Amino acid sequence: MAANGNGVSTTPKSPLARIQTQKNGGICHDDSGKPVKAQTIDELHSLQRKRSAPTTPLDGVQGAFATISEDERQRQQLQSISASLASLTRGTGPKVVRGDPAGKVQSVSHVAHHHHIEAPTISVSDSSLKFTHVLYNLSPAELYEQSIKYEKGSFITSTGALATLSGAKTGRSPRDKRVVIDDTTQDELWWGKGSPNIEMDEHTFMVNRERAVDYLNSLDKVFVNDQFLNWDPQNRIKVRIVSARAYHSLFMHNMCIRPTPEELENFGTPDFTIYNAGQFPCNRYTHYMTSSTSIDLNLARREMVILGTQYAGEMKKGLFCVMHYLMPMRQILSLHSGCNMGKDGDVALFFGLSGTGKTTLSTDHNRYLIGDDEHCWSDNGVSNIEGGCYAKCIDLSREKEPDIWNAIKFGTVLENVVFDEHTREVDYGDKSVTENTRAAYPIEYIPNAKIPCVGPHPKNVILLACDAFGVLPPVSKLSLAQTMYHFISGYTALVAGTEDGIKEPTATFSACFGAAFIMLHPTKYAAMLAEKMQKHGATGWLVNTGWSGGSYGSGNRIKLPYTRKIIDAIHSGSLLNATYHKTEVFGLDIPTEIKGVPSEILHPENTWADKKAYKETLLKLAGLFKKNFETFTNYKIGKDNKLTEEILAAGPNF
Ligand SMILES: Nc1ncnc2c1ncn2[C@@H]1O[C@H](COP(=O)(O)OP(=O)(O)O)[C@@H](O)[C@H]1O
Ligand SMILES: C=C(OP(=O)(O)O)C(=O)O
Ligand SMILES: [Ca+2]
Ligand SMILES: [Mn+2]
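Quick caveat, the model's predicted, so the values are computed rather than measured.

1. Comments concerning the overall build of the chain
Argument step 1. On a plain count of helices and strands, the chain comes out with 16 helices and 34 strands.
Argument step 2. Out of the 654 residues belonging to the chain, those deemed buried represent 56%.
Argument step 3. In the chain, the share of contacts with a sequence separation of at least 24, taken over all contacts with a separation of at least 6, comes to 72%.
Argument step 4. Working note: accessible area of the chain is about 28,900 Å², and carbon and sulfur atoms make up 53% of it.

2. Topic: the site of ligand 1
Argument step 1. Neighbouring ligand 1 are 18 residues, the closest being Gly-355, Lys-358, Thr-359, Thr-360 and Ile-558.
Argument step 2. Between ligand 1 and the protein, one listed contact pairs an oxygen atom with a backbone N or O atom of Lys-392 at 3.3 Å.
Argument step 3. Starting from 580 Å² of accessible surface for ligand 1 in isolation, the protein chains cover 94%.
Argument step 4. For the shell around ligand 1, the secondary-structure elements that each account for two or more residues are helix H9 (358-362) and helix H13 (560-572).
Argument step 5. Considering every element that reaches the shell around ligand 1, the biggest residue donor is H9, with three residues.
Argument step 6. Split into classes, the residues belonging to the shell around ligand 1 amount to four nonpolar, eight polar and six charged.

3. Examining the side chain of Glu-303
Argument step 1. Here Glu-303 shows up in strand E13 (residues 303-307).
Argument step 2. For Glu-303, a relative accessible area of 6% puts it in the buried group.
Argument step 3. Within the structure, the side chain of Glu-303 is placed 2.6 Å from the side chain of Arg-301, a separation counted as a polar contact.
Argument step 4. Ignoring any residue separated from it by four or fewer positions in sequence, one finds Glu-303 in contact with Phe-205, Arg-209, Phe-272, Thr-273, Tyr-275, Asp-296, Leu-297 and Asn-298.

4. Some remarks on the coordination of the manganese ion (ligand 4)
Argument step 1. Only Lys-317 (NZ), His-336 (NE2), Asp-373 (OD) and Asp-373 (OD) from the protein reach the manganese ion (ligand 4) as donors, at distances of 2.1 to 2.7 Å.
Argument step 2. Around the manganese ion (ligand 4), the six donor atoms sit at angles spanning 52 to 150°, and that spread fits a shape best called irregular.
Argument step 3. Donor residues for the manganese ion (ligand 4), ordered by position in the chain, follow K-x18-H-x36-D.
Argument step 4. The distance between the manganese ion (ligand 4) and the calcium ion (ligand 3) comes to 4.7 Å.

5. Remarks on the pattern of salt bridges
Argument step 1. For the structure shown, the criterion picks out 20 salt bridges.
Argument step 2. Note that Lys-317 and Asp-373 form a salt bridge whose closest N and O atoms lie 2.6 Å from each other. Here the residue Lys-317 occupies a position in helix H8 (residues 313-326), and Asp-373 occupies one in the loop between strand E17 (368-371) and strand E18 (375-378), the gap between them amounting to 56 residues. We note that Lys-317, like Asp-373, is buried.
Argument step 3. Note that Lys-532 and Asp-379 form a salt bridge whose closest N and O atoms lie 3.7 Å from each other.

6. Details of the sheet that holds E18
Argument step 1. Spatial strand order, E14-E18-E19-E25: four strands in an open sheet with antiparallel pairing. The outermost strands of the open sheet, each flanked by one partner alone, are strand E14 (333-335) and strand E25 (454-455).
Argument step 2. Judged from the four bridges that link them, E18 and strand E19 (residues 381-384) form a sheet pairing that is antiparallel. From the neighbouring strand, Ser-378 faces E19, where its bridge partner is Gly-381.

7. Points about the pairing of strand E12 (residues 294-298)
Argument step 1. For E12, a buried count of five out of five residues is recorded, marking the element as mostly surrounded by other parts of the structure.
Argument step 2. Alternating residues of E12 divide into Ser-294, Asp-296 and Asn-298 and Ile-295 and Leu-297, and every residue in both groups is buried.
Argument step 3. Sheet topology places strand E7 (residues 177-180) next to E12; three bridges connect them, and they run parallel. Opposite Lys-177, over in E12, you have Ile-295 as the bridge partner.
Argument step 4. Examined bridge by bridge, E12 and E13 share five bridges and lie antiparallel to one another.

8. What to know about the nonpolar core
Argument step 1. Among the nonpolar cores identified, the biggest contains 150 residues, and Leu-216, Phe-351, Trp-377, Leu-414, Tyr-441 and Met-519 are the most heavily contacted of them.
Argument step 2. Broken down by element, this core gets its largest block of residues, eight residues, from H8.
Argument step 3. Apart from residues no more than four positions distant in its own chain, Phe-351 is found in contact with Leu-335, His-336, Ser-337, Lys-358, Val-461, Ile-462, Leu-463, Leu-464, Phe-487, Phe-513 and Leu-529.
Argument step 4. Counting 18 residues, the second-largest nonpolar core is a separate cluster that includes Leu-464, Val-597, Ile-601 and Leu-602.

9. As for the sheet that holds strand E5 (residues 155-156)
Argument step 1. A sheet is described by the order of its strands in space; here five strands give the open sequence E5-E6-E21-E24-E20, paired in mixed fashion. Where the open sheet ends on each side, the last strands, each with one partner, are E5 and strand E20 (388-392).
Argument step 2. Here strand E6 (residues 162-164) runs beside strand E21 (residues 413-415); their pairing, made up of three bridges, is parallel. Bridge pairing links Thr-164 to Glu-415 in E21.

10. Section: the state of the cysteines
Argument step 1. All told, the structure shown has zero disulfides when counted by the stated rule.
Argument step 2. With no disulfide of its own, Cys-256 has Cys-453 as its nearest cysteine by sulfur position, at a separation of 13 Å.
Argument step 3. Its sulfur unpaired, Cys-282 is 18 Å from the next cysteine sulfur, which belongs to Cys-321.
Argument step 4. Given the relative accessible area of 4%, Cys-282 is considered buried.

11. Overview of the site of ligand 2
Argument step 1. As a structural note, the neighbourhood of ligand 2 is formed by 11 residues, with Arg-172, Ser-354, Lys-358, Asp-373 and Arg-438 the closest of them.
Argument step 2. Between ligand 2 and Lys-358 there is a distance of 2.8 Å, counted from an oxygen atom to a side-chain nitrogen or oxygen.
Argument step 3. Arg-438 is positioned such that a nitrogen or oxygen atom in its side chain is 2.6 Å from an oxygen atom of ligand 2.
Argument step 4. Calculation on ligand 2 without its partners gives an accessible area of 280 Å², and the protein chains cover 98% of this total.
Argument step 5. A breakdown of the residues in the shell around ligand 2 according to their chemical character gives three nonpolar, three polar and five charged.

Analysis parameters
- Residues numbered from 1 in each chain as written.
- Chains lettered and ligands numbered in written order.
- Predicted model: local features only at pLDDT ≥ 70, side-chain atom pairs only at ≥ 80, totals over all residues.
- Heavy atoms only, no water.
- Helix = DSSP H or I, 4+ residues; strand = E, 2+ residues; numbered from the N terminus.
- Buried < 20%, exposed > 50% of the residue type's maximum accessible area, 1.4 Å probe, protein only.
- Contact = heavy atoms within 4.5 Å.
- Areas by Shrake-Rupley, 256 points an atom, 1.4 Å probe, with all protein chains shown as cover.
- Near = heavy atom within 4 Å.
- Polar contact = N/O pair within 3.5 Å; in protein donor to acceptor, adjacent residues only side chain to side chain.
- Nonpolar A, V, L, I, M, F, W, Y, C, P; charged D, E, K, R; others polar.
- Donors = N, O, S within 2.8 Å, 3.2 Å for Na, K, Ca; no water.
- Tetrahedral: all angles 85-135°; square planar, octahedral: opposite > 155°, others 65-115°.
- Salt bridge = Lys/Arg side-chain N within 4 Å of Asp/Glu carboxyl O.
- Pairing = 2+ DSSP bridges.
- Core = buried A, V, L, I, M, F, W, Y, C linked by side-chain atoms within 4.5 Å.
- Disulfide = S-S within 2.5 Å.

Written out as structure tokens, the structure is:
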């Protein structure tokens, strides 16, 4: 733009002749086809989104709603949700309406007349007068919009995932978990030394439940997910999650099993309900509270309350605890394990605590993924409890883990990752927010996911230990007694970040490789595992995905490609035919060679320069095992004492 002497800008005269747009003074008509069929902008917008046609009821299944109109079905569904949100101490509660407060809503009472009313959102939360809008089973796209529009810290990454923050807590808070002790649970559950179940009385649960419900009802809108757990159709559990964040709703959309529209029509009353009021703290004056966080389980009411933490993994693991209670009651073994199946139908289980490699190793390009974290082993075989995967994505690379890398796309939730402010490309190596960055995606985002996520009885049971001491062999073949011993011990090194407060690998023992989630005594799960392994001829393996050549800080983590070669040899059956020799102290059978793995690393002593230090460290770890197992010595495992004695003898001798 030119400027004259006194700084005023002038537009130069265009040399082009004026373009004649109006013939004979007439009005120029737009020549781009017929105008849109809308008189107002609102009408135009209403053209944009159409309502999917009502679905036909399940063929032959005359569900509760099959004989009623769609509107009546929606009314009954809304009543069920209203019952979930009702306060137990106040007669009047908020009126539950469907739909976004920002949009036109269908009121519960007028649904028969197709009324569209502006449901007033009263800013003061006088719960007896206000409306609570229910956003029910939204699609990922709708949840993206809710998240991006209303939740600060939510972004869309360069590969289309939804990146968000879980707030102050970026890992689970096991010390703030409470389980209601009542006439039933006081005898059934594992309490006392070593148990993760910290008691709470029924009244205190109700105090926290009321607090969570009041908080949720004070909001303009809540998200409600009605979904399933367990792909085994005979043991499917209906779950309802009430939450205040689109991130939580999308996370559970991904992690639980997604009902078809027909299944939703017959959903009815949930078997279990979560009230996630995670942004709201618990009252520190409340009995049993140890912090502002409380994750409370009431098995009798089949409800879970979350206060004071927004880490989405609490919902996933809370439901896992419920399955660890419900399934064994049906003689079904619930497992903290990954699971995949080879082309010949050989199923492998990957047990391990957080960060040991369940998700990484069960996601295998040459095998069908059944699930990455939580399974059931029944008389029919194995089934995944979940509908999605929850992968640690610290240092994730396309080269190392291509399937997980490619699953991070539209619909996936990325928790606490750091990304470039302009390109939105994620830097998976950046742990500025937390070491425990996570990706939660539907299982069908993995190309060779096996849908439905069920399979035959396992052939190999692989126990994963992330050994921070660096003295366990990369792989050992276990006897049944050794499998039980290591399953009950559940040794690993909690990697930083997964649990609140863990800053570097800490040697720890976690019964059944997931003590934080088990509800019954560990020996109950061990006895069921022994019985199933014997019955179906499964082989036990111990795989160290941790350190070699020294402990954490001096040695190095065993390379993932080597671990994958070891796992391949287990799957192929070739490792069964290897030559073995026994190690001292732990008495583990280790192979002398494995294709694609340097033989010298197979025996840890070869990898330590200082053999004296190795022996001292080995004895130190053996001592920790021995001390930990004292908790279990006076428990019988299985039908007779024979197995118990064999298991005790299967520990380290020194
Ligand atoms: N040798 C190895 N075996 C398995 N995982 C490894 C190995 N070395 C590094 N890792 C890393 O450890 C982490 C294991 O996380 P993940 O599989 O999500 O554990 P889990 O599912 O048991 O919680 C991944 O980030 C993976 O890349
Ligand atoms: C989310 C969890 O699962 P994992 O770390 O085993 O993947 C957890 O244990 O907190
Ligand atoms: Ca995992
Ligand atoms: Mn897990």
